[in-house]
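Commentary on secondary and tertiary structure
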Amino acid sequence: MTERTPLLHYRLSTSVNETEPRSPPLGLAVVQHHGSPRQKSSHQRQPKKLSVFIGVVIPTLLSMFSVVVFLRIGFMVGHSGLYQAIAMLLVAYFIICMTVLSVCAISTNGALDAGGAYYMISRALGPEFGGSIGLMFFLANVCGSALFVLGLVEAIVATFGVPEDGSAVTSVYQVLPSGYWWSLLYATGISLLCLLVCLVGAHIYAKATFLIFLVVMLVLATIFISFFAVHPRTIVLPSSAAFNPTANGTGPRFPTTANFTGFKLDTLLGNLWADYTVDYTTGTTMTFATVFAVMFNGCTGIMAGSNMSGDLKNPSYAIPRGTITAVIFTFIIYNLLSVLVACSCDRVLLQRDYSFLRDINIWNPFVTIGVYSSTFSAAMSNLIGASRILYALARDDLFGKVLSPAKKTSHSGNPWASVLLSWFLVQVPGAFSGKLNTIASIVTIFFLLVYAAVDLACLALEWASAPNFRPTFRYFTWHTCALGIVGCAVMMFLINAIYASASIAFMLLLLLLIHYLSPTSSWGYISQALIFHQVRKYLLMLDVRKDHVKFWRPQVLLMVSNPRSSVGLIKFVNDIKKSGLYVLGHVQLGDLNTLPSDPLQSQYDSWLSLVDNLNIKSFVNLTLADSVRHGVQHLLFISGLGGMRPNTLVLGFYDDCLPKDKLIDPSLCTSQPRDPSGSLDELEQQPPLFHFASLRGSRPQEYVAIIADAMKMLKNVVLARYFNDFDRAQVLSPPSSSPGKGAVYVDVWPVNLLRPDSSSYVDTCSLFLLQLACILNMVRAWRKATLRLFLCVEEGRSVRGSEEKLGQLLKELRIKAQVYSVPWDQQVALHWQRQGEWEEENDEDYVNSFPSNATRLSNDYLSAVNKLILDPARPAPAVRFLYLPRPPADTRRYTTYLHQLDLLTQDLGPTLLIHGVTPVITTDL
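Residues numbered from 1 in each chain as written. Predicted model: local features only at pLDDT ≥ 70, side-chain atom pairs only at ≥ 80, totals over all residues. Heavy atoms only, no water.

With an unreviewed UniProt entry as reference, the protein is termed Solute carrier family 12 member 9, source organism Sander lucioperca. Recorded in UniProt for the protein, the comment headed Subcellular location (unreviewed entry) runs: "Membrane". Annotation of the protein in UniProt includes, under Sequence similarities (unreviewed entry), the sentence "Belongs to the SLC12A transporter family." (UniProt positions renumbered as here; feature names shortened; annotations may be inferred.)

This next bit is on the overall build of the protein. A tally of helices and strands in the protein yields 32 helices and 14 strands. The 925 residues of the protein split such that 52% are buried. Counted over contacts in the protein with a minimum sequence separation of 6, partners at least 24 positions apart contribute 81%. Just so you have it, the protein exposes about 43,200 Å², and 60% of that area is on carbon and sulfur atoms. (Helix = DSSP H or I, 4+ residues; strand = E, 2+ residues; numbered from the N terminus. Buried < 20%, exposed > 50% of the residue type's maximum accessible area, 1.4 Å probe, protein only. Contact = heavy atoms within 4.5 Å. Areas by Shrake-Rupley, 256 points an atom, 1.4 Å probe, with all protein chains shown as cover.)

In this structure, Ser 579 takes a positive phi of about 60° despite not being glycine. Within the secondary structure layout, Ser 579 lies in the loop between helix H21 (567–575) and strand S6 (582–589). Not every positive phi belongs to a glycine, and Asn 615 is a case in point at roughly 55°. Mapped onto the elements, Asn 615 comes out in the loop between helix H22 (604–614) and strand S7 (619–625). Judged by its relative accessible area of 67%, Asn 615 falls in the exposed class.

A separate point is the pattern of salt bridges. Should their charged atoms come close, side chains of opposite charge can pair. Going through the model one piece at a time under the given rule, you end up with eleven salt bridges. One salt bridge connects Asp 359 with Arg 358, and the closest N-O pair in it is separated by 3.5 Å. Of the residues examined, Asp 359 reaches a relative accessible area of 15% and is grouped as buried. Residue Arg 358 is classed as buried on the basis of its relative accessible area of 11%. In this structure, Asp 747 and Arg 788 form a salt bridge, with 2.7 Å as the shortest nitrogen-oxygen distance. Taken as a pair, Asp 747 in strand S10 (residues 745–749) and Arg 788 in strand S11 (residues 786–793) lie far apart in primary sequence, 41 residues in all. Both residues of the pair, Asp 747 and Arg 788, belong to the buried class. (Salt bridge = Lys/Arg side-chain N within 4 Å of Asp/Glu carboxyl O.)

For the rest of this paragraph, the subject is a nonpolar patch on the surface. A contiguous nonpolar surface patch, about 490 Å² in accessible area, is contributed by Leu 192, Leu 193, Leu 196, Leu 199, Trp 416 and Leu 420. Broken down by element, the residue count for the nonpolar patch peaks at four residues, all from helix H7 (residues 180–200). On the secondary structure map, Leu 192 appears in helix H7. (Patch = residues over 30% accessible without salt bridge, like charges linked within 9 Å, V, L, I, M, F, W, Y side chains within 5 Å.)

This next bit is on the sheet that holds strand S9 (residues 716–721). Here ten strands make up an open sheet; going across it, the order is S7-S6-S5-S8-S9-S14-S13-S10-S11-S12 and the pairing mixed. Across the chains shown, the open sheet's two edge strands, defined by having one partner strand only, are S7 and strand S12 (818–823). Recorded for the sheet is a direction-independent mean angle of 25° between the axes of neighbouring strands. Strand direction decides the pairing type here: strand S5 (residues 556–559) and S6, joined by four bridges, are parallel. Pairing of Leu 558 across the sheet is with Leu 584, part of S6. In the packing of helix H25 (residues 700–712) onto the sheet, contacts are made with strand S8 (648–652), S9 and strand S14 (911–915), and the angle to S8 comes to roughly 170°. (Pairing = 2+ DSSP bridges. Axes fitted to C-alpha atoms, helices over the stretch in contact; angles between N-to-C directions.)

Turning to the packing of H7 against helix H15 (residues 365–396), a few remarks are in order. Where H7 meets H15, the closest approach of the two axes is 9 Å, and the angle between their N-to-C directions is 60°. Taken together, H7 and H15 sit at an angle that is classed as oblique. With respect to the hand of their crossing, H7 and H15 are arranged in right-handed fashion. Along the contact surface, H7 presents Ile 190, Leu 193, Cys 194, Leu 195, Val 197 and Cys 198, while H15 presents Phe 376, Ala 379, Met 380, Leu 383 and Ile 384. For the contact of H7 with H15, the residue count by class is eleven nonpolar, no polar and no charged. (Parallel < 35°, antiparallel > 145°, perpendicular 65-115°, else oblique. Left-handed = near helix turned anticlockwise from the far one by under 90°. Nonpolar A, V, L, I, M, F, W, Y, C, P; charged D, E, K, R; others polar.)

All chains considered together, the criterion is met by 26 aromatic pairs. With a centroid separation of 5.2 Å and 85° between ring planes, the pair formed by Phe 75 and Tyr 354 is classed as edge-to-face. Residue Phe 75 is located in helix H4 (residues 52–107), and its partner Tyr 354 is located in the loop between helix H13 (347–352) and helix H14 (356–359); the two are separated by 279 residues in the primary sequence. For Phe 75, a relative accessible area of 1% translates into the label buried. Pairing Tyr 83 with Trp 273 gives two aromatic rings, centres 4.8 Å apart and planes at 80°, and the pair type is edge-to-face. Of this pair, Tyr 83 sits in helix H4 while Trp 273 sits in the loop between helix H9 (265–270) and helix H10 (288–296), and the two are 190 residues apart along the sequence. Classification of Tyr 83 as partly exposed rests on a relative accessible area of 42%. For Trp 273, a relative accessible area of 58% corresponds to the exposed category. Put simply, the rings of Phe 137, Phe 288, Phe 292, Phe 296, Phe 447 and Tyr 451 touch in pairs and so form one group of aromatic residues. (Phe/Tyr/Trp six-rings, centres within 6.5 Å; stacked < 30°, edge-to-face > 60°.)

Moving on: the confidence of the model for the protein. Detailed reading of the predicted coordinates is not advisable wherever pLDDT is low. Confidence in the prediction for the protein averages 79 pLDDT; 81% of positions are at 70 or higher. Note that pLDDT drops below 50 for residues 666–689; the model gives that stretch 23 contacts with residues more than four away or on any other chain. Scored below 50 in pLDDT, residues 838–853 makes 27 contacts in the model with residues more than four places away or belonging to other chains. (pLDDT = per-residue confidence, 0-100.)

With that settled, the discussion passes to the packing of H25 against helix H32 (residues 894–904). Each pair of packed helices can be described by the angle between their axes along with the distance between the axes. One way to put it is that H25 packs onto H32 with a least axis distance of 9 Å and a crossing angle of 85°. What the angle tells us is that H25 and H32 run roughly perpendicular. Of H32, the residues touching H25 (which contributes Pro 700, Gln 701, Tyr 703, Val 704, Ala 705 and Ala 708) are Tyr 894, Thr 895, Tyr 897 and Leu 898. Among the residues forming the contact of H25 with H32, the class breakdown is eight nonpolar, two polar and no charged.

Quick look at a positive patch on the surface now. Together, Arg 553, Lys 578, Arg 780 and Arg 783 make up a region of like positive charge exposed at the surface. Its location among the elements puts Arg 553 in the loop between helix H20 (526–541) and S5. Taking relative accessible area as the criterion, Arg 553 reaches 37% and is therefore assigned partly exposed. (Lys, Arg positive; Asp, Glu negative; His and termini not counted. Charge placed at Lys NZ, Arg CZ, Asp CG, Glu CD.)

The subject of this paragraph is the nonpolar core. Counting 164 residues, the largest nonpolar core has Phe 70, Ile 96, Phe 227 and Leu 337 as the members making the most contacts within it. When residues of this core are assigned to their parent elements, the largest contribution, 30 residues, is made by H4. The residues contacting Ile 96, other than those within four sequence positions of it, are Met 64, Phe 296, Cys 299, Ile 302, Val 327 and Tyr 451. Ranked by size, the runner-up nonpolar core spans 61 residues in total, among them Val 567, Leu 732, Val 744 and Val 779. (Core = buried A, V, L, I, M, F, W, Y, C linked by side-chain atoms within 4.5 Å.)

Take the environment of Arg 358 next. In this fold, Arg 358 is placed in helix H14. Spatially, the C-alpha atoms of Arg 358 and Val 371 are 9.5 Å apart, while their sequence positions differ by 13 residues.

In this section: the side chain of Thr 623. Within the fold, Thr 623 resides in strand S7. Beyond its immediate stretch of four places on either side in the chain, Thr 623 contacts His 586, Val 587, Gln 588, Leu 600, Gly 631, His 634 and Leu 635.

Within the element layout of this structure, Leu 403 appears in the loop between H15 and helix H16 (416–433). C-alpha of Leu 403 to C-alpha of Ser 418: the two residues are 15 residues apart in sequence and 9.1 Å apart in space. With near-sequence residues (within four places) excluded, Leu 403 lies in contact with Leu 390, Leu 393 and Ala 394.

Dropping the structure here:
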């Protein structure tokens, strides 16, 4: 055991992406020596992974410093004042801190791969939300890279540009020509340099950013020293068309110089309050929202480390620690700089010269070098981040073949195709905007939207209460996630309501597009966890003791022996469920003691595929039992949860009709289309659409016993006959040449036809018939059908009075139907004629549910009633609703009972025999 420990340790250690291979034991070294050259070369080409400091802290710091710390810190304090500047920083860092907590929680809940925030969101919220936010995040990084490129161009032109008439700046070294097209050329050259670094790979990028980090830290140190070491001085302000007097010299004149006063109380007091004026680079008046939009770009770099998740040694360890460290450090630096600037520079200098830090430095080129370095690094960071997100999107195939070219990588794993495409898109915002402050709002809104999505992902995971969501970083709650979402949403609309609305609309459009493309994924869907959580909560609140007849709805358990012969019935029952519970039940005969495993688990996929392809809203419940009767009892006892339990059992009718396989026709299912051009042999060899067993039947005694069991359990019972060939589309669209001229009828016979001595139509069972027929008529597809209610009457009784009484009942029940009186004296006479032959026989006790005279019904009577129902003088209905009496208490009479039902419904077409046991209808409000 002790000899195997080093080998086990080596195998475990090599599974966590080490940068330096450890020396393996001797035995393993011999195995490696005999490995193939291809294996050794692939091992040598394995790129090194980045540490916490190199891979997360440095990119995040440089992305957050970039433009704001060197070019816009004075802009922020000059326009908004120290109080509002600190308030902006607090608001901005509050938002990003809430997001950082969410990022830390998600990143420590499992292994991360390439894609950073996109990977987190997509694996948490599913492909639709993840793909749409991922593309938005990609665009945010593209625009962010363009923003930093424009910032670098602005700095270069300010230092080396030759001013044009009306130029916004006066450069120190007038070497480079300036203008829109020249700036565009400089931006293209800078982005091309970023491209070259990113094409080499993440490791070279990390080395470059480390050198830049050292330079930026040195420059920051000189800036802080300069506030204390440099004496007060006067600084010449750059000229600007926005502040020039009019041509005749009569316009207002603005100062051309400003003062660095050093630390003075008067200077601090003059910079405490806001004074929003015209921005000299764009000529537009600043507001709190526009200044915040520019300032917030100094906070958008928090995802720079997350974007490198695929290149980190241990992303779950590195991202939380590196990101939090960078955020705390930048927050301290920004606040210190704001206070120092407000204490030592007058307002005019801050508002009119964004490069003043260069003029007050102990050595002017220091700040210039810092601006160039940090801004170039931020541009590279956003470019490489955008390429990694695009590569992750392409690899996940969320947009089909549109992004397939972006999957290409080099031998070292660098996604060069994604880098090229991202670099090309960086040119677009730079070409159309041209000014840093112009594009800042768009970039800020994009990043805020992504941050809100990260918070939403963490909030959803927390609310779902999934046992597997247990991040090692626990310093967050759903409150922090919600505050982050609210903060991001508020600031988005404060910055620019139009841009914010357009961004959200674009995201929703992408979400619908991805949902339409229906990408398959094994990531899991947070929506399912949230739905489960809410459904469980509401099911507990659904109290069966508070049920009321006013809110009754059918909750159906349809027993299906084999769905191959039950497609028509499955679809029809879906119409009469009226937003209630609908369960497809199936009993498989067997004994688990004699089986190696549960045979039902492998069948669920076929049943669920059937539900999807028939487009019905149903659950599936399968059980294993030693008999069909026991299986149905199981399902009636255990189906549903809480207040959602089946109250109606639907069975197919027991007869001699041969079942027909309705699933062999590919037109009934589109999930696996078959090739119609193939030969018959080829079609027979193709895999079946659904894996169901062959068709089978059951015994008549057991069938009637199932009906009796359901009624004992106070379940309504429906027997469905002749639904093998039922096709709703064909039934509801009959040819106009048919009798009735295309009208659709639903016939209801609310009288117990097996009890000719009782013609009551207001008992519980009759009203249940009316309720189900009315529900069917309320379904959209059946609204044009006409309900026909048939009233069986005998001579000598008031026919008109019976019709009026029934019509008044229908009016009170709000049921629209046509009432027809049907004389059945001849049929009743046949019944009573045979009764005399049995008068001498001893009556047996069959309980009130099945009186003795019902057992004496003659075949002639039943055939006559069948012909009465089937009267050819009336247009044939689409479906008939008949009264189902209770089965006899004597089990010896089960066969007779079933025979009577068979004769009664012979050749009637689609027919439902219905027995209701509970009140389901009311006339009360």
